[in-house]
Amino acid sequence: MRYTFVTLFPNIIESYFSDTILKRAIEKDLISLDFVSPRDFSTNKHKKTDDTAFGGGAGMLMTPQPLYDALSSVKEASPDAHFVFLTPVAKPFVQNDAKRLAKKEHIVFVSGRYEGIDERIIELFADEVFSIGDYILTGGELASMVLCDAISRNVEGVLGNSESLAEESFEGWLLEAPSFTKPQNFHNLTPPKEFLKGNHSKIRSLKFALSKSKTKYFAPERYKRAKSLFFTD
Ligand code: SAM
């Protein structure tokens, strides 16, 4: 999987990939990253990439020319690349999107800054637009890293143990049951006894019960849907 980040601030993103699982994925050639800065394509003599918005309003917008030329250059070199724009004005990104996008060969993440991007650029280039939640960030870089991280976990070989994917929250309708590790007694709190005994069928049914309680509490709509599909109590 190749990722291209189109951003005015590549440094913000680079450091995220310099450790742990994603670093190993790069070393094993399972994923690769490159960066394109719209500023390098600006024809303005001061390399300006923003301007005031037509119709007024506070703040500046990213101007179309540098982005158009930057994105055209990426498209020309990689005609099948999938262009993803990050914006709060979009459908929320979910786990199924991560799994679906993990099958692509080349994803281009386009991050806005200032008050966002001239809408015509989104119309001209976007294959998909995603929000990561109902709040406003200062730029799209964090959002593109969120997507990239979630997608990469679903790229074949990136996680050592693919079973860990299958058991996670959002893989099914229920959220994951609580997990515990050593020591057995921590500040006088102990895991449920069944977890310590090794009877796998009892552990499975306890985890199922705990999953249901967690989902009912934290994601009631999800719980209702799961209940209507898979169980009665
Ligand atoms: N004026 C815009 C609005 O009200 O919808 C917000 C622009 S925001 C300050 C600048 C950039 O941050 C956006 O172009 C987008 O790339 C990114 N961004 C902000 N919040 C986001 C979110 N919830 N999801 C994805 N991207 C976001």
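Up top is the structure these notes are about.
Calculation rules
Residues numbered from 1 in each chain as written. Predicted model: local features only at pLDDT ≥ 70, side-chain atom pairs only at ≥ 80, totals over all residues. Heavy atoms only, no water. 1 Å grid on protein atoms, 1.4 Å probe; cavity = no way out; pocket = protein on both sides within 12 Å on 5 of 7 lines; lining within 4 Å. Points joined across faces, edges and corners; volume = space filled by probe spheres on them. Helix = DSSP H or I, 4+ residues; strand = E, 2+ residues; numbered from the N terminus. Nonpolar A, V, L, I, M, F, W, Y, C, P; charged D, E, K, R; others polar. Phe/Tyr/Trp six-rings, centres within 6.5 Å; stacked < 30°, edge-to-face > 60°. Buried < 20%, exposed > 50% of the residue type's maximum accessible area, 1.4 Å probe, protein only. Lys NZ or Arg CZ within 6 Å of the ring centre and 35° of its normal.

1. Observations concerning the layout of surface pockets
Part 1 of the reasoning: The volume enclosed by the largest pocket comes to roughly 520 Å³.
Part 2 of the reasoning: Residue lining of the largest pocket: 25 residues in total, with L86, T87, P88, V89 and G116 positioned closest to the centre.
Part 3 of the reasoning: Among the secondary structure elements, those contributing two or more residues to the lining of the largest pocket are strand 5 (82-92), helix 5 (119-125) and strand 7 (128-131).
Part 4 of the reasoning: Ranked by residue count, the leading element in the lining of the largest pocket is strand 5, at five residues.
Part 5 of the reasoning: Looking at the lining of the largest pocket, its residues break down into 14 nonpolar, eight polar and three charged.

2. Quick word on the packing of aromatic side chains
Part 1 of the reasoning: In this structure the tally under the stated criterion is 12 aromatic pairs.
Part 2 of the reasoning: The interplanar angle of 85° and the centroid separation of 5.0 Å between the aromatic rings of Y217 and F218 together place this pair among those described as edge-to-face.
Part 3 of the reasoning: On the basis of relative accessibility, which here comes to 57%, the residue F218 falls in the exposed class.
Part 4 of the reasoning: Members of the aromatic cluster, connected to one another through ring pairs, are Y3, F5, Y16, F17, F35 and F109.
Part 5 of the reasoning: One cation-aromatic arrangement involves K207 over F195; the distance from NZ or CZ to the ring centre is 5.9 Å.
Part 6 of the reasoning: Seen from the ring of F231, K212 lies directly overhead, with NZ or CZ sitting 4.7 Å from the centre.

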